[in-house]
Number of protein chains: 2
Amino acid sequence: MTDSTRQRILDTAEQLFADQGFHATTLRQITREAQVNLAAVNYHHGSKDALILAVFQRRLDELNSERLARLQSVLDASDPPDLEKVLGAFIYPALLLSTQSAGDGGRFMRLLMRAWAENATQLHGTIARQYSHVMRAFADAVSRALGTSPDNLRQQLDFLIGALTYTMAETTDGQVEETARALVRFGCAGLRDSALAQPRQTSLKENIA
Amino acid sequence: MTDSTRQRILDTAEQLFADQGFHATTLRQITREAQVNLAAVNYHHGSKDALILAVFQRRLDELNSERLARLQSVLDASDPPDLEKVLGAFIYPALLLSTQSAGDGGRFMRLLMRAWAENATQLHGTIARQYSHVMRAFADAVSRALGTSPDNLRQQLDFLIGALTYTMAETTDGQVEETARALVRFGCAGLRDSALAQPRQTSLKENIA
DNA sequence: ATTGGTTCCAAACAACTGTTTGAATGCTAG
DNA sequence: CTAGCATTCAAACAGTTGTTTGGAACCAAT
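Presented here is an overview of the structure given in this document. (Residues numbered from 1 in each chain as written. Chains lettered and ligands numbered in written order. Predicted model: local features only at pLDDT ≥ 70, side-chain atom pairs only at ≥ 80, totals over all residues. Heavy atoms only, no water.)

Description of the overall build of chain A
Okay, so step 1: A tally of regular secondary structure across chain A gives ten helices and zero strands.
Okay, so step 2: Across the 209 residues in chain A, those meeting the buried criterion constitute 52%.
Okay, so step 3: Contacts in chain A between residues at least 24 apart in sequence constitute 72% of all its contacts with a sequence separation of at least 6.
Okay, so step 4: As displayed, chain A offers around 9,800 Å² of accessible surface, 50% of which is attributable to carbon and sulfur atoms. (Helix = DSSP H or I, 4+ residues; strand = E, 2+ residues; numbered from the N terminus. Buried < 20%, exposed > 50% of the residue type's maximum accessible area, 1.4 Å probe, protein only. Contact = heavy atoms within 4.5 Å. Areas by Shrake-Rupley, 256 points an atom, 1.4 Å probe, with all protein chains shown as cover.)

Here's what the structure looks like:
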């Protein structure tokens, strides 16, 4: 099985999609740059839309499993979990992926934003489905670290996701460590302060009643 | 001067661009929905790219002048300025615009993200230029509110912008007030805490030496 | 060596894109 | 009224898009 063609298409497509957008990137451009025949995309991936989806599956699987793995080891370390480390498990893999996935910074994140911006029919739903799993786990961990109800956290977590997403797109290789630390600090402060404004969960009411 | 055609094109284009993206939206779709002739776009706006730019100019002018006006009245109120109110001047008009610019929520912000995602040649530069003016003013105000150097603030402000942008896209009409307050609180906590981690500006060194 | 299936390739396909054209219309000033 | 200008319109333009096609090339198994 010569996957080299299939793989090379995937790599080239990811790069071009990130640089120019999905609609603006043509199959001819992809196949030319990947040095494969025009028909190869339809042969190996079925259609252009399927190719877009394939590009995402690859990276999202990476990112999500890495996040969950780190979260698990944070949860194993202490109970209740340490908020800084929970956020770190969420933020660090993302920033890392955004710089390692391709040469210069932020390529994959630009891709994610595109996917969310261009309402590529099923694509948005697919990504959201992939994220809901991870999001629930992290929301739960954060709520336990803070001692608040998970419901009230969704908004603050969205703030953090927005900050992370926006940041990923402009973070270059050398800054990952420093940026991650700054963002974790920023997010922890915001989450802790916001938790004070909400009715604290007594951890008895909810769990027993 | 019958601007009704020109205006109707602008309105319809904004809506369709937000819903489907720039590239995916065709002139035929715009003109059909706006009930004008196909050639009307090129006649009134010159080209499709010029139309995209025009759609942005209209909203960005609104947003930026509203932000600056509010900032000014915050600066006039006290010296040093109140951080919560500075952030409010930045956040509130944005959330307001995102819900009022069109029927349902987040339409214009989806547009902004698209503009940033789809590297529409000159568009990105134009928007950045429009923002740099406002950004500098707010960075300055925040730095004075915190007593830190403006240079170290850029990153935290980017966090806030990301959180705001992401939030705008998912905020509906009724939640504006509450969301804005939550985001201001979140941002203030993050900014204040981050300021502690950095060498505080003694306000003498910098201003005198 | 020949079979059978996978992979590649050049060429063509139909559909759609933004833009231009030139005539027809509407409206207003002289 | 009418000359002149701004606006609208149907039609056609040249170019690009994703996809399909039928055959060539390849490669392992019989």
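Observations concerning the relation of the copies chain B and chain A
Okay, so step 1: The transformation that overlays chain B on chain A combines an axial shift of 0.0 Å with a rotation of 180°, and the residual RMSD is 0.1 Å. Put plainly, the chains are arranged around a two-fold axis.
Okay, so step 2: Of the interface residues in chain B, 100% have counterparts in chain A that sit at the interface too, so the contact is made through matching surfaces. (Least-squares fit on C-alpha atoms with pLDDT ≥ 70 in both.)

So, the packing of helix α8 (residues 154-168) of chain B against helix α9 (residues 176-197) of chain B
All names here are of chain B.
Okay, so step 1: Relative to each other, α8 and α9 sit at 165°, their axes nearing to 10 Å. Relative to α9, α8 is oriented roughly antiparallel. In terms of crossing hand, the pair formed by α8 and α9 is right-handed. Here Q156, L160, A163, L164 and T167 of α8 lie close against α9, whose contacting residues are T179, L183, G187, L191 and S194.
Okay, so step 2: Across the contact of α8 with α9, the residue classes tally to five nonpolar, five polar and no charged. (Axes fitted to C-alpha atoms, helices over the stretch in contact; angles between N-to-C directions. Parallel < 35°, antiparallel > 145°, perpendicular 65-115°, else oblique. Left-handed = near helix turned anticlockwise from the far one by under 90°. Nonpolar A, V, L, I, M, F, W, Y, C, P; charged D, E, K, R; others polar.)

Description of the environment of A137(A)
All names here are of chain A.
Okay, so step 1: As for its placement among the helices and strands, A137 is situated in helix α7 (residues 122-146).
Okay, so step 2: We classify A137 as partly exposed; its relative accessible area is 27%.
Okay, so step 3: Spatially, the C-alpha atoms of A137 and L71 are 8.5 Å apart, while their sequence positions differ by 66 residues.
Okay, so step 4: In this view, A137 contacts L68 and L71; residues no more than four positions away in its chain are not counted.

Some thoughts on the pattern of salt bridges
Note that side chains of opposite charge can pair when their charged atoms are close.
Okay, so step 1: Tallying each qualifying case throughout the model produces 16 salt bridges over all chains.
Okay, so step 2: With a shortest N-O distance of 2.7 Å, R185(B) and D193(A) are connected by a salt bridge. Placement of R185(B) in helix α9 and of D193(A) in helix α9 (residues 176-197) is noted, with the two residues assigned to different chains.
Okay, so step 3: By relative accessible area, which is 32% here, R185(B) ends up partly exposed.
Okay, so step 4: Two residues, R192(B) and E84(B), come together in a salt bridge whose shortest N-O distance is 3.0 Å. On the criterion of sequence distance, the pair formed by R192(B) in helix α9 and E84(B) in helix α5 (residues 83-100) is long-range, its members being 108 residues apart.
Okay, so step 5: Owing to a relative accessible area of 32%, E84(B) belongs among the partly exposed residues under this scheme. (Salt bridge = Lys/Arg side-chain N within 4 Å of Asp/Glu carboxyl O.)

Points about empty space enclosed by the protein
Residue and element names in this part refer to chain A.
Okay, so step 1: Evaluation of the coordinates by the stated rule reveals five cavities of 30 Å³ or more.
Okay, so step 2: Estimates place the volume of the largest cavity at around 50 Å³.
Okay, so step 3: The wall of the largest cavity is formed by L87, F90, M135, F138, V142, L157, L160 and I161.
Okay, so step 4: Looking at the lining of the largest cavity, the elements that each hand over two or more residues are α5 (83-100), α7 and α8 (154-168).
Okay, so step 5: Looking at side-chain class alone, the lining of the largest cavity contains eight nonpolar, no polar and no charged residues. (1 Å grid on protein atoms, 1.4 Å probe; cavity = no way out; pocket = protein on both sides within 12 Å on 5 of 7 lines; lining within 4 Å. Points joined across faces, edges and corners; volume = space filled by probe spheres on them.)

Looking at the protein's contact with DNA strand D
Okay, so step 1: Inspection of the region around DNA strand D gives 15 residues, with T26(A), R28(A), K48(A), T5(B) and H44(B) positioned closest.
Okay, so step 2: At 2.8 Å from a base oxygen of DNA strand D is found a side-chain nitrogen or oxygen belonging to R28(A).
Okay, so step 3: Every element with two or more residues in the surface near DNA strand D is listed here: α2 (27-33) of chain A together with α3 (40-45) of chain B.
Okay, so step 4: Among the residues making up the surface near DNA strand D, the classes are represented as five nonpolar, seven polar and three charged. (Near = heavy atom within 4 Å. Polar contact = N/O pair within 3.5 Å; in protein donor to acceptor, adjacent residues only side chain to side chain.)

Quick notes on the protein's contact with DNA strand C
Okay, so step 1: For DNA strand C, the set of nearby residues contains 15 residues, the closest of which are T5(A), H44(A), T26(B), R28(B) and K48(B).
Okay, so step 2: Each atom of DNA strand C within 4 Å of the protein belongs either to a base or to sugar and phosphate, the latter forming 50%.
Okay, so step 3: At 2.8 Å from a base oxygen of DNA strand C is found a side-chain nitrogen or oxygen belonging to R28(B).
Okay, so step 4: Among the secondary structure elements, those contributing two or more residues to the surface near DNA strand C are α3 (40-45) of chain A together with α2 (27-33) of chain B.
Okay, so step 5: Residue classes in the surface near DNA strand C are distributed as five nonpolar, seven polar and three charged.

Notes on the interface of chain B and chain A
Okay, so step 1: Residue-level contacts link 35 residues of chain B with 35 residues of chain A.
Okay, so step 2: Regarding the contact of chain B and chain A, the summed buried area is about 3,200 Å², with carbon and sulfur atoms giving 66% of it.
Okay, so step 3: Taken together, the connections running from chain B to chain A amount to two salt bridges.
Okay, so step 4: For the side of chain B that touches chain A, the secondary structure elements donating two or more residues are α6 (107-117), α8 and α9 of chain B.
Okay, so step 5: Looking at which element gives the most residues to the side of chain B that touches chain A, the answer is α9(B), with 13 residues.
Okay, so step 6: In the side of chain B that touches chain A, the residues fall into 17 nonpolar, ten polar and eight charged. (Buried area = accessible area lost by both parts, 1.4 Å probe.)

Considerations on the nonpolar core
Okay, so step 1: The biggest cluster of nonpolar side chains holds 125 residues, and the ones touching the most others in it are F56(A), I91(A), F56(B) and I91(B).
Okay, so step 2: Residue contributions to this core reach at least three from each of two domains, namely domain 1 (1-46) and domain 2 (55-208) of chain B. (Core = buried A, V, L, I, M, F, W, Y, C linked by side-chain atoms within 4.5 Å. Domains from an automatic or database assignment.)

Quick word on the packing of α9(A) against α9(B)
Okay, so step 1: Closest axis-to-axis distance for the α9(A)/α9(B) pair is 7 Å, and the angle between their directions is 130°. Regarding the angle of α9(A) to α9(B), the classification is oblique. For the pair α9(A) and α9(B), the crossing hand works out as right-handed. Side by side, α9(A) and α9(B) meet where R185(A), F186(A), G187(A), A189(A), G190(A), L191(A), D193(A), S194(A), L196(A) and A197(A) of the first sit next to R185(B), F186(B), G187(B), A189(B), G190(B), L191(B), D193(B), S194(B), L196(B) and A197(B) of the second.
Okay, so step 2: Considering only residue class, the contact of α9(A) with α9(B) consists of ten nonpolar, six polar and four charged.

From the geometry alone we can't say anything about function, so treat these as descriptive.
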